[in-house]
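Letter by letter, the chains look like this.
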2 protein chains.
Amino acid sequence: LRTAATLDSPLAARSAPLLQRVDRSMSSVTIPPPACMLRPLEVPLRYLFGPGPSNVPPRILAAASRPIIGHMHPEMYEIMNDIKRGIQYAFQTENNMTIAMSGSGHAAMECAVFNTVEPGESVLISINGIWGERVAEIAERMGANVHRLVKTPGGYFTNKEIEQAIEKHKPVLFFLAHGESSAGLCHPVDGIGDICRKHNCLFLVDTVASLGAAPIFMDKQNIDILYTGSQKALNAPPGTAPISFNERACRKMFNRKTKPLSYLFDMTHLSNYWGCDGKPAREYHHTGPVSGFFSLRESLAILAEKGLEESWKKHTEVVAYLYKGLEDLGLKLFIDLRLPSVTTITVPDGYNWRELLAYIMKHHQIEMTGGLGPSIGMVMRIGLMGYNCEKTNADKALNALADALKNCKKSKS
Amino acid sequence: LRTAATLDSPLAARSAPLLQRVDRSMSSVTIPPPACMLRPLEVPLRYLFGPGPSNVPPRILAAASRPIIGHMHPEMYEIMNDIKRGIQYAFQTENNMTIAMSGSGHAAMECAVFNTVEPGESVLISINGIWGERVAEIAERMGANVHRLVKTPGGYFTNKEIEQAIEKHKPVLFFLAHGESSAGLCHPVDGIGDICRKHNCLFLVDTVASLGAAPIFMDKQNIDILYTGSQKALNAPPGTAPISFNERACRKMFNRKTKPLSYLFDMTHLSNYWGCDGKPAREYHHTGPVSGFFSLRESLAILAEKGLEESWKKHTEVVAYLYKGLEDLGLKLFIDLRLPSVTTITVPDGYNWRELLAYIMKHHQIEMTGGLGPSIGMVMRIGLMGYNCEKTNADKALNALADALKNCKKSKS
């Protein structure tokens, strides 16, 4: 048997029966090309001043449009090694087991839980916004025994509360969102890693919304597993998610009785793909997002050039300027322990938040957003991250807000 | 309490204790910026004539570098709707439940199995190369009762063999790779969907390596679940994976007793994200790879403009030209039922295949590859897909191979 692929070759005569089959197939297209696909791609200009994705600077866009190479070429491994070093710097860690997931922050979330927890084991999740809810959902699906430590959106947990809950539930893993972007909270982290260590529990921290904007020190703060996303203060397009595991986390995850439920997120394979397992050869696991890694590398390079301290300082200054402007507009900040990357404003009395946001998008091409999960209806959110973190952008946002407050109708109430 | 974010604001005085903490943090960076990240990104030019990723044409690279918008903006939903229509055309299906995964082909694989199979259910996987092995591994991890139908790499299964195995194991799902790229096989599909239907089993087909190059008709061939990848004949960068479920598959997956193990790959959420569930509002699920969707849309648009028949014809013609050239070089094609996208050559007697490939990369900047999984050591693989599918590229590949055969030493044996 031969396929129609031999159409023009001297062997075509031999393959007559199959050729006929394929020829018939070729004329049997019944779904026509959709008209919408014959229109050119249209992408309007938008100021992404929400909680992310954030606008991608030209230098990172240029990296994303470089001609690609193979995901297993030596030059690609070099780029991945650079990414690893860049993440180590951004996380302030010397962990060898530092990689970027081929996926969004949720991929990193699932990777963290799937690899370090086995079905039936106890986990403790702090929930004060949407991210804890998500991690609890993930842990429940994979069969963990999930305990929830709950506050209203933006509430924070004292170290004492955390220790008491850990003593009670004896979890193998405790989750905390450092950047609770749905509420705008930057949660204190100092001391929690020590508590976890004392009770033989892994400390998992989400910095998707905070990394690069607020200080975090993975090693010094005894964080066992830390992850973030590419599309917030790092300003790369969404689609990759840095994650790092320390030795304690590795010990737990590489001494499991059961295999992780996901093959794609199995750190045994991912650590080999990223050259972290000490083996001489990297074996094919999956095809990584080559262009996504180009842009992630560039975003980490920008952070390395600028310096973490400078980036933290810039976010602190610009957000203080934004706070001042918001207060001048008579708006109330939602909470006190604030994320420098994403600011939550209490929805102003009498206004419909959806209407305000729609007005701002329509008249100013600016994305600001409402709440997310439990904070829906409670807040409006403004994000000025990385490249977007400039006083001129704060002015743009404030001007749009002032205009919306003036032109959107207040309800009677 | 206030964060250091209020540094410049009139409220700074109120937040002295926290400010001090953050200030101390800011001076305690101990991991310096890595030197490698201060070098510019270097990406060499490579001809990607392996089994994928394939070279990305300039038009798709340009789409990937467009300034991004939010993953939940109405304009993004429009682009996603276009992608959905483009996939329906490429798959030749009218299925409403047609989306692109935010991930590689493996993400689509896991999505297909996780959603349509419940733990303990019987599945039947045909294995004649690496892809069946992967699906079996995924199904085993999620707790399915896995039955394997095995052949040597490149072997194919008769419809009778398939029906007998289905009668024996009574699976809820049968997997087949249409494009078994590790062996270079294009597996016949006609009739198998009917067999599956008769035995109340879902027919899952992998077209990662074949879509756009070899005819496939999801609806007419009664395929219940079909997926592919972005980086093969579609020529987009890796990172997105079209997948479609017909009504039979939807009935099974949306009437489960248990939730799928992965939250990220749960089609209940993904179908809402893609606007396939008929609900008026799309709720936040995860942040999709915005740039990746731009490039996927462009790749599907190119296919729609060119036409499927034309794309199939082009692959058929170019690969026939390649076959002729390979035979003129005295090389043997590995199998008879050949994929028009990826051609497998039997490793020529006396040569070290790794040496041949390294020579070709070094002297011609061309990627060809060896086997994968069970076909390692048996074959060398040449892929000319989509944009790369041109006789001039076949000549380039043949010229490089001739040069390698002349200059690499034959072993004594």
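That block above? That's the structure.
Now for a description of the structure that goes with this document. Because the structure is predicted, anything quoted here is derived from the model rather than measured. (Residues numbered from 1 in each chain as written. Chains lettered and ligands numbered in written order. Predicted model: local features only at pLDDT ≥ 70, side-chain atom pairs only at ≥ 80, totals over all residues. Heavy atoms only, no water.)

Attention now moves to the state of the cysteines. Across all of its chains, the model carries 0 disulfides over all chains by this definition. Unpaired in terms of disulfides, Cys36 of chain A finds its nearest cysteine sulfur in Cys276 of chain B, a separation of 14 Å. Judged by its relative accessible area of 14%, Cys36 of chain A is buried. We note that Cys201 of chain B lacks a disulfide partner, and the nearest cysteine sulfur, in Cys196 of chain B, lies 4.2 Å from it. (Disulfide = S-S within 2.5 Å. Buried < 20%, exposed > 50% of the residue type's maximum accessible area, 1.4 Å probe, protein only.)

Bringing the relation of the copies chain B and chain A into the picture now. Of the transformation superimposing chain B on chain A, the axial component is 0.0 Å and the angular component is 180 degrees, with the fit at an RMSD of 0.0 Å. Here the two chains are linked by the operation of a two-fold rotation axis. When C-alpha positions in chain B are compared against the rotation axis, the closest is assigned to Ser65 of chain B, at 2.6 Å. When the interface residues of chain B are mapped onto chain A, 99% of them again fall at the interface, so both copies present the same face. (Least-squares fit on C-alpha atoms with pLDDT ≥ 70 in both. Contact = heavy atoms within 4.5 Å.)

All names here are of chain B. With respect to the helices and strands, the residue Asn393 is situated in helix H13 (residues 391-407). Looking at Asn393, its side chain comes within polar contact range of the main-chain oxygen of Asn388, at 2.8 Å. Beyond its immediate stretch of four places on either side in the chain, Asn393 contacts Phe49, Leu384, Tyr387 and Asn388. (Helix = DSSP H or I, 4+ residues; strand = E, 2+ residues; numbered from the N terminus. Polar contact = N/O pair within 3.5 Å; in protein donor to acceptor, adjacent residues only side chain to side chain.)

It is worth spelling out the sheet that holds strand E8 (residues 202-206) of chain B at this point. All names here are of chain B. Taking strand neighbours across the sheet as the criterion, the 7 strands line up as E2-E10-E9-E8-E5-E3-E4 in an open arrangement whose pairing is mixed. Two strands in the sheet have a free side with no partner beyond their single neighbour: strand E2 (97-101) and strand E4 (145-150). Between one strand axis and the next, the sheet turns through 15 degrees on average, direction left out of account. Strands strand E3 (122-127), E4, strand E5 (173-177), E8 and strand E9 (225-227) of the sheet are contacted by helix H5 (residues 130-141), whose axis makes an angle of about 160 degrees with E3. (Pairing = 2+ DSSP bridges. Axes fitted to C-alpha atoms, helices over the stretch in contact; angles between N-to-C directions.)

This part is about the pattern of salt bridges. Under the defined criterion, the tally for this structure stands at 36 salt bridges over all chains. Of the charged contacts, one joins Arg39 of chain B and Asp82 of chain A as a salt bridge, the two residues approaching to 3.5 Å between their closest N and O atoms. One end of the pair, Arg39 of chain B, is in the loop between helix H1 (16-26) and strand E1 (47-48); the other, Asp82 of chain A, is in helix H3 (residues 74-91), on a second chain. Residue Arg39 of chain B is classed as partly exposed on the basis of its relative accessible area of 35%. Asp82 of chain A sits in the buried class, given a relative accessible area of 3%. Put simply, Glu121 of chain A and Lys252 of chain A hold a salt bridge, and the shortest N to O gap is 2.8 Å. Placement of the pair is Glu121 of chain A in the loop between helix H4 (105-116) and strand E3 (122-127) and Lys252 of chain A in helix H8 (residues 247-253), with a sequence separation of 131 residues. When salt bridges that share partners are traced, they join Glu137 and Arg141 of chain A together with Lys259 and Asp266 of chain B into one network. (Salt bridge = Lys/Arg side-chain N within 4 Å of Asp/Glu carboxyl O.)

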